[in-house]
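Residue strings, one per chain:
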Amino acid sequence: MSIPIQPKIWHEYDEKRRQAESDAAFRRMEVYQKIPRIREIDQALEQTGISAVRAYLQSPEKSKEELLLELKKNNQKLRNEKKELLLEAQIPENYADPVYQCPYCKDTGFVDGKRCRCLVQRLIDDAYEASGIREELMRNNFQTFNIGLFSRNVLEGQKVSPRKNMANVSKMAYAFAEQFPNNEPHSMIFYGGPGTGKTFLCDCIAKMILDRGFTVLYLTANQLCSAMEEYRFHRNAEMQDKAQLIHDQISEVDLLIIDDLGSEYLNQVTAADLFECFNQRILKNKATLVSTNLEPERLRSLYMDRLYSRFKGYYQFVPFFGPDLRTINR
Ligand SMILES: [Zn+2]
């Protein structure tokens, strides 16, 4: 079962389509103004049917095949002429095709009767509009990433400086997003103290993968557990659609990001929900990104063995360390 689509989202899609089509019509008019001959050619090509009838009436002695062949030749000549005029003016041949925001569904929201990934992402964004994820991704992305923020001093007990570590990790994160969904490692756990750049790099990856047209669901562990509880108990009617969406997308979305694992209120039920979520992702061979302040040893003792062994088997553990940047930069 999937959640209903609000009328405002239908309007948005109608509007996007209309805009793409009117922009295309506008480009066509501009070209006509610049090169009036192209308008004549387009008109002549459009009237091929009428021309055929006229030619037939004017020269009844010719056979139908002969007339059609002539017409075909003439059309080809017109098309060639148009091609050359466009080439000369350096205008691309497809200038009058509508440019849709989503090339897959041509801004209809559907491909082969199924919801297009752009529509799924739109529904996710709608559910999270209030959380400001989109704005956050405008600030936190690979373009705004600044390695200079990380200390060059090697801390006691570490082999490399936070900066060197971050240089490696960010390279890995970039490759992850660039090669997605054929990325190796397929899933990662970013672990380390607060303010060491974990969430920032999750944001960078999310932004790039969204820009590449994949769907991303970004949740804190706490949001995930509350949504599952809501889905099960139906306590709050207003939350139902959102809970349903999260429940459906946990195993469907291209990339799931669980931020701050360990911040949720852990009990037997939430532990089972978390296991179910991570296990589903593995079974469906879907990539997942986790960030946590907990060291691997702490994860092992906190979560059930079977969850930890999934992490061990399917996730790459990526360490983050260094001073808390959030307190330093304030
Ligand atoms: Zn689409």
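Residues numbered from 1 in each chain as written. Predicted model: local features only at pLDDT ≥ 70, side-chain atom pairs only at ≥ 80, totals over all residues.

Quick look at the packing of helix H11 (residues 268–283) against helix H13 (residues 305–314) now. Where H11 meets H13, the axes come as close as 10 Å, and the angle between the chain directions of the two elements is 30°. The angle between H11 and H13 places the two elements in the roughly parallel class. In the packing of H11 onto H13, the handedness of the crossing is left-handed. Facing Leu 274, Phe 275, Phe 278, Asn 279 and Ile 282 of H11, the residues of H13 in contact are Arg 306, Leu 307, Arg 310 and Tyr 314. By residue class, the composition of the contact of H11 with H13 is 6 nonpolar, 1 polar and 2 charged. (Axes fitted to C-alpha atoms, helices over the stretch in contact; angles between N-to-C directions. Helix = DSSP H or I, 4+ residues; strand = E, 2+ residues; numbered from the N terminus. Parallel < 35°, antiparallel > 145°, perpendicular 65-115°, else oblique. Left-handed = near helix turned anticlockwise from the far one by under 90°. Contact = placed C-beta atoms within 7 Å. Nonpolar A, V, L, I, M, F, W, Y, C, P; charged D, E, K, R; others polar.)

Glancing now at the pairing of strand E6 (residues 287–292). The buried count for E6 comes to 6 of 6 residues, which makes it a mostly enclosed element. Taking every second residue as pointing to the same face, both faces of E6 are buried, with Ala 287, Leu 289 and Ser 291 on one and Thr 288, Val 290 and Thr 292 on the other. Relative to E6, strand E3 (residues 187–192) runs parallel, the two being bridged by 4 bridges. Residue pairing across strands places Tyr 191 opposite Thr 292, the latter belonging to E6. Where strand E5 (residues 255–261) meets E6, 5 bridges bridge the pair, whose relative direction is parallel. (Buried ≥ 20, exposed ≤ 12 C-beta atoms within 10 Å, placed from the backbone. Pairing = 2+ DSSP bridges.)

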